[in-house]
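Listed below, chain by chain, are the residues.
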Amino acid sequence: MSKNPVDRTPPPGTASLDTAIAAREHRGLLAWLASQQTFWVSVAALIAFVVLSLVSDVFATQQNLFNVTRNFAFVAIIAIGMTAVIITGGIDLSVGAVLVLSGMVIGMTMNAGMSIWLAVPLALGVALAVGAFNGMLIAYVGVPSFVVTLGTLSIARSLAMVLSNNRMVYEFGPDQPQLLWLGGGFVNLPLPLVDAVRVPNPVLFLLLVLVVTGLALRWTRWGRHLFAIGGNERAALLTGVPVRRVKLSVYMFCSLTAGIAGILEVGWLGTITTSLGQGMELSVIAAAVIGGANLSGGAGTAFGAVVGAALIEVIRNSLILLGISTFWQGSFVGGFIVVAVLFDRLRARSSSD
Amino acid sequence: MALLELNAISKHFGAIQALADVSLTLAPGEVVGLMGDNGAGKSTLVRIIAGNFPPSTGTMTMQGRPVVFHRPTDARRAGIEIVYQDLALCDNLSAAENVFLGRELVHRFGPLRVLNYAAMFRRAGELFAELKSETRPRDLVRRMSGGQRQAVAIARTRLAEPKIVLMDEPTAAISVRQVAEVLNLIRHLRDQGIAVVLISHRMPDVFAVADRIVVMRRGAKVADKPASVSSPEEVTGLITGAIETA
């Protein structure tokens, strides 16, 4: 069926409307990429990756890459949850403590002979409960997130100690193999031309959390409301966004990611002590910030959080492989945080004029 | 029939009398300039209409029916929208996302609801075109001029087919060229039969668009007359108290 070309001429006014709707800030793909912090962090991670492959015989081996990806998966999973919280302009300092509490709940219950099918929901439920406690106080009572989560940081770790009497747990009952497989297992990914790649299970969970969160941030009301609250909370409230409910849910989501990471980490280590995840909140926040989350709210991506976590792990791994004292690790990670924030400031300045 | 009628509205906060016996009517397609010094009761009056708080005494009727607003959403449901002085926009979101904030359009896939960006961009684009504004739906509000921001805030009120739009100091913090843009936006609302209440300190802006001028002083209405038979000098006198009533 051919159409008369005259029929296809839009009525006057329509064309300009269409172009207005289609109009983006056209500055070319490269210019757009260059303005994305995630892009530069990816470049940095990639450069580090290439340099390390060249200078170290060990780095690019299957076994080392397997370790690197698995190690960073735990931080990256939580960094995604943290990014969601940071987008709303909040912070969650309790993630490391929630991780150990969730791990201890699954450790103690399975140690007592409980099935993994009950223990996992129980551990996640405890994590969600801590998140709900955080969220209630922050959203409904109006206590600053920094203060509330500083409190739960202390409470959750203390509960883990109470629960285990501060013992090390390494017997996980009849379902122990399943738990160890969950965190320590891997899936063989057959590839053409090269040997099959072993993908650690935590990385698969990370991919799942990444895809779900990435889609939710962009394509759901919940996701856009997180950005609205971080951009202008009063405006969100006045326009009818259920601000308090959204804030409650985001702290529960962040705790849930910490709970998932806790279960996986126990499965990987095959043991749990109450010192697990101590100080982890700092690496997680660092990953989120390096990945482009803005601590004043309103900006951040799930993918950025993962790239940020990857960069931190590559730095850590490279220092070990290059024989540099691991005492330098903090300096490098800290340096990247400062550079990331400086980068954000410079970008804000150049776009404001 | 009057669109909105306020009958002897009074409001006191503790011992402070913010409004005393104010009566006011609004007709469809009418622009009313609400003027007065700081503390004269303009904001209190507008907040009562917008449902931020109820009056202490007095009644409101819309199209002949008595109405009571307990919350801003009650007023919104009745067809009253407000453009806040600070516009209540999120800088980090696009124009279209701001227009639809809290009222996003979605596709339903079973239990899943996925944002329908195409429809939101289209509707927002139509609204901006209706307002004769050059605002583009995908642009971030952060990068917009004051006039474009006003267009976004006003487009938001148009989503719900309002009957009355309240505007709090829309021209206070923008450039001269943008003021003209905003005044045009107000005229477009009026041409579509919407009643506009314009709170402003800027005499020329009010006289440029208002059909009627209402002047408040110390919580009372001291003047309510067509703009054509008043003058900036008279209104200044009324605001300061140099002229008692008109």
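Residues numbered from 1 in each chain as written. Chains lettered and ligands numbered in written order. Predicted model: local features only at pLDDT ≥ 70, side-chain atom pairs only at ≥ 80, totals over all residues.

## Considerations on the overall build of chain B
- A tally of helices and strands in chain B yields 8 helices and 12 strands.
- Since a compact globule built from 246 residues should have a radius of gyration of about 18 Å, the 19 Å found for chain B is in line with a globular shape.
- Its C-alpha atoms put chain B at 60 × 40 × 35 Å along the principal axes.
- By residue count, 45% of the 246 residues in chain B fall in the buried class.
- Put simply, 65% of the contacts in chain B that link residues at least 6 apart link residues at least 24 apart. (Helix = DSSP H or I, 4+ residues; strand = E, 2+ residues; numbered from the N terminus. Rg over C-alpha atoms; globule rule 2.2 N^0.38 Å. Buried ≥ 20, exposed ≤ 12 C-beta atoms within 10 Å, placed from the backbone. Contact = placed C-beta atoms within 7 Å.)

## Observations concerning the overall build of chain A
- On a plain count of helices and strands, chain A comes out with 15 helices and 2 strands.
- Its C-alpha atoms give chain A a radius of gyration of 23 Å, within 12% of the compact-globule value 20 Å for 353 residues.
- Referenced to the eigenvectors of the C-alpha coordinate spread, the extents of chain A come out at roughly 80 × 55 × 50 Å.
- Among the 353 residues that make up chain A, the fraction classed as buried is 46%.
- For chain A, contacts bridging at least 24 residues in sequence account for 77% of all contacts bridging at least 6.

## Topic: unusual backbone geometry
- Of note in this structure, Gln63 of chain B is not a glycine but carries a positive phi near 50°.
- Inspection of the secondary structure puts Gln63 of chain B in the loop between strand 4 (57-62) and strand 5 (65-67).

## Concerning helix 8 (residues 176-184) of chain A
Residue and element names in this part refer to chain A.
- Along helix 8, the positions that sit buried rather than exposed are Leu179, Leu182 and Gly183. Angular distribution of buried residues about the axis of helix 8 spans 80°; they occupy a single face of the element.
- Residues of helix 8 that are buried make contact with helix 5 (95-111), helix 6 (116-141), helix 9 (201-219) and helix 12 (243-269). (Arc of directions from axis to C-beta.)

## Side note on the sheet that holds strand 5 of chain B
Residues and elements named next belong to chain B.
- Pairing is antiparallel across the open sheet formed by 4 strands, whose spatial order is 2-1-4-5. Strand pairing shows two members of the sheet lacking a second neighbour, strand 2 (16-26) and strand 5, which therefore form its edges. Strand-to-strand twist in this sheet, taken as the mean axis angle between neighbours without regard to direction, amounts to 30°.
- Inspection of the sheet shows strand 4 paired to strand 5 by 3 bridges, in the antiparallel sense. Bridge assignment links Met62 to a residue of strand 5, and that residue is Arg65.
- Its contacts with the sheet place helix 1 (residues 42-50) against strand 1 (4-13) and strand 2, and it is angled at close to 60° to strand 2. (Pairing = 2+ DSSP bridges. Axes fitted to C-alpha atoms, helices over the stretch in contact; angles between N-to-C directions.)

## Thoughts on the interface of chain B and chain A
- In this complex, chain B contributes 26 residues to the contact, which on the side of chain A involves 24 residues.
- Of all the elements in the fold, those that place two or more residues in the side of chain B that touches chain A are strand 8 (112-115) and helix 4 (117-130) of chain B.
- Take the side of chain B that touches chain A: its biggest share by element is 5 residues, from helix 4 of chain B.
- In terms of residue class, the side of chain B that touches chain A is made up of 12 nonpolar, 4 polar and 10 charged. (Nonpolar A, V, L, I, M, F, W, Y, C, P; charged D, E, K, R; others polar.)

## Some points on the sheet that holds strand 9 (residues 164-168) of chain B
Residues and elements named next belong to chain B.
- Read across the sheet, 6 strands follow the order 6-9-10-3-11-12 without closing on themselves; strand pairing throughout is mixed. Because the sheet does not close on itself, it has two edges, and the strands there are strand 6 (80-83) and strand 12 (220-226). Adjacent strand axes in the sheet meet at a mean angle of 20°, parallel and antiparallel pairs treated alike.
- As paired strands, strand 3 (residues 31-36) and strand 11 (residues 212-217) are joined by 5 bridges and run parallel to one another. Opposite Val32, over in strand 11, you have Arg212 as the bridge partner.
- Sheet strands touched by helix 6 (residues 176-191): strand 3, strand 9 and strand 10 (195-199). Its angle to strand 10, the strand with the most contacts, is close to 150°.

## Brief notes about the nonpolar core
- Counting residues in each nonpolar core, the largest one holds 172 residues, and the members touching the most others are Ala76, Ile77, Ala79, Met82, Ala287 and Ala305 of chain A together with Leu198 of chain B.
- Per-element tally for this core: the top contributor is helix 12 of chain A, with 16 residues. (Core = buried A, V, L, I, M, F, W, Y, C linked by C-beta atoms within 7 Å.)

## Some words on the confidence of the model for chain A
- A residue-level look at chain A finds 91% of positions with pLDDT of 70 or above and a mean pLDDT of 88.
- Confidence drops under a pLDDT of 50 for residues 1-13 of chain A, and excluding neighbours within four residues, the segment shows 2 contacts in the predicted structure. (pLDDT = per-residue confidence, 0-100.)

## Some points on the packing of helix 5 of chain A against helix 13 (residues 280-290) of chain A
Residues and elements named next belong to chain A.
- One can describe the packing of helix 5 onto helix 13 by two numbers: an axis separation of 7 Å at closest approach and a directional angle of 125°. By the angle between their directions, the pair helix 5 and helix 13 is classed as oblique. When helix 5 is examined against helix 13, the residues Val95, Gly96 and Leu99 are found in contact with a partner set consisting of Met280, Glu281 and Val284.
- Among the residues making up the contact of helix 5 with helix 13, the classes are represented as 4 nonpolar, 1 polar and 1 charged. (Parallel < 35°, antiparallel > 145°, perpendicular 65-115°, else oblique.)

## A closer look at helix 5 (residues 146-158) of chain B
Residue and element names in this part refer to chain B.
- With 13 residues, helix 5 should reach 18 Å at 1.5 Å per residue; the first-to-last C-alpha distance of 19 Å fits that figure.
- Within helix 5, 12 of the 13 residues are buried, leaving the element largely enclosed by the surrounding structure.
- Those residues of helix 5 that sit buried are Gly147, Gln148, Arg149, Gln150, Ala151, Val152, Ala153, Ile154, Ala155, Arg156, Thr157 and Arg158.
- Buried positions along helix 5 lie against strand 6, helix 3 (95-99), helix 4, strand 9 and helix 6. (Expected span 1.5 Å × (residues − 1).)

## Notes on the environment of Leu346 of chain A
- Tracing the backbone shows Leu346 of chain A in helix 15 (residues 329-352).
- Spatially, the C-alpha atoms of Leu346 of chain A and Ile229 of chain A are 24 Å apart, while their sequence positions differ by 117 residues.

## Considerations on the packing of helix 3 (residues 37-55) of chain A against helix 14 (residues 302-321) of chain A
All names here are of chain A.
- Where helix 3 contacts helix 14, the axes come no closer than 9 Å and their chain directions differ by 25°. On the basis of their axis angle, the class for helix 3 and helix 14 is roughly parallel. Regarding helix 3 and helix 14, the two cross each other, and that crossing is left-handed. The segment helix 3 lies against helix 14, with Gln37, Thr38, Val41, Ser42, Ala44, Ala45, Ala48, Phe49 and Leu52 engaging Phe303, Gly304, Val307, Gly308, Ala310, Leu311, Val314, Ile315, Ser318 and Leu321.
- Per-class residue counts for the contact of helix 3 with helix 14 are 13 nonpolar, 6 polar and no charged. (Left-handed = near helix turned anticlockwise from the far one by under 90°.)

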